[in-house]
Amino acid sequence: MNSALLYQQATDSQIWDDFLHGNKAAYSFMYEKYAPILYNYGYKIAQNRQITEDCLQDLFLTILETRERLGRTDSIKFYLMRALRRDIVRKLTSEQRFNGELDSLDFTIEFHYEPTWLDAQISQEQSTLLLQELNSLPARQKEALFLKYFDNLSYEEIAGVMCIEQTSAYKIIYKAIASLQKRMPTHVVFLLLALIG
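Keep in mind that what you see is a predicted model, and the values were worked out from it rather than measured. (Residues numbered from 1 in each chain as written. Predicted model: local features only at pLDDT ≥ 70, side-chain atom pairs only at ≥ 80, totals over all residues. Heavy atoms only, no water.)

**With respect to the overall build of the protein chain**
Tallying secondary structure elements over the protein chain gives 11 helices and zero strands in all. The contacts in the protein chain between residues at least 6 apart in sequence include a share of 66% that link residues at least 24 apart. Approximately 10,800 Å² of the protein chain is accessible, and the part contributed by carbon and sulfur atoms is 49%. (Helix = DSSP H or I, 4+ residues; strand = E, 2+ residues; numbered from the N terminus. Contact = heavy atoms within 4.5 Å. Areas by Shrake-Rupley, 256 points an atom, 1.4 Å probe, with all protein chains shown as cover.)

The following block contains the structure:
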């Protein structure tokens, strides 16, 4: 049976447990489901396709080779995103592309939408301005907004992925939204957040 069909209704805990017990279908399902999401996130941090691809492949190879020593999780996406971010930061640091200061990481956000749908909401000029305003935010704020509104992570998970306290995750997102609201109407800010990806 196709791994996608087999695990479509399964919980993350069930899929992860099956993977830990050596089930190849569970591993294939995780790769097919999460690799594109992880690549999208990782590329925004690395800003380099080769580094992103290398770290992503290394991550899936590492979890396969060390699965007997891995702990349990009830959120595979969170677990993998946190590991990928750590690996990319380590790689960037070793290649001297990153100085260890989290604020020095770049993080570029793009819109993914159906143009006809967006055109009915705001003009092309407005959408360009919105994207510029969003990308003018500090990298940590952009990353936190991306994790919250595109990847639908909880504040606790955002804190875990970004290696910060949960209260810091709240503050970063609050500051980002407040900053955007000073420059554009509130309804436009939340429209913008619905489009990031």
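**Describing the packing of aromatic side chains**
On inspection of all chains with the given rule, the structure shows 10 aromatic pairs. Ring geometry for Tyr27 against Phe60: centres 6.2 Å apart, planes inclined by 75 degrees, an arrangement best described as edge-to-face. Here Tyr27 is found in helix H3 (residues 24–46), whereas its partner Phe60 is found in helix H4 (residues 49–65), with 33 residues between them in sequence. Taken as a pair, Tyr27 and Phe60 share a single burial class, namely buried. On the numbers, 6.1 Å between centres and 10 degrees between planes, the contact of Tyr41 with Phe146 is stacked. A residue pair is termed long-range when its members are at least 10 positions apart, and Tyr41 in helix H3 and Phe146 in helix H8 (residues 139–150) qualify at 105 residues. Taken as a pair, Tyr41 and Phe146 share a single burial class, namely buried. One aromatic cluster is present, formed by Trp16, Phe19, Tyr27, Tyr31, Phe60 and Tyr79 through successive ring pairs. (Phe/Tyr/Trp six-rings, centres within 6.5 Å; stacked < 30°, edge-to-face > 60°. Buried < 20%, exposed > 50% of the residue type's maximum accessible area, 1.4 Å probe, protein only.)

**Some details on the pattern of salt bridges**
Side chains that differ in sign of charge can pair as their charged atoms come close. Enumeration according to the criterion identifies five salt bridges in this entry. Among the ionic pairs, Arg85 bridges to Glu143, the shortest N-O distance being 2.6 Å. Of this pair, Arg85 sits in helix H5 (residues 76–94) while Glu143 sits in helix H8, and the two are 58 residues apart along the sequence. Judged by relative accessible area, which is 3%, Glu143 ranks as buried. (Salt bridge = Lys/Arg side-chain N within 4 Å of Asp/Glu carboxyl O.)

**Observations concerning the nonpolar core**
Residues Met30, Leu38, Leu80 and Leu147 are the most contacted members of the largest nonpolar core, which totals 54 residues. Top element by residues in this core is H3. It accounts for 10 residues. (Core = buried A, V, L, I, M, F, W, Y, C linked by side-chain atoms within 4.5 Å.)

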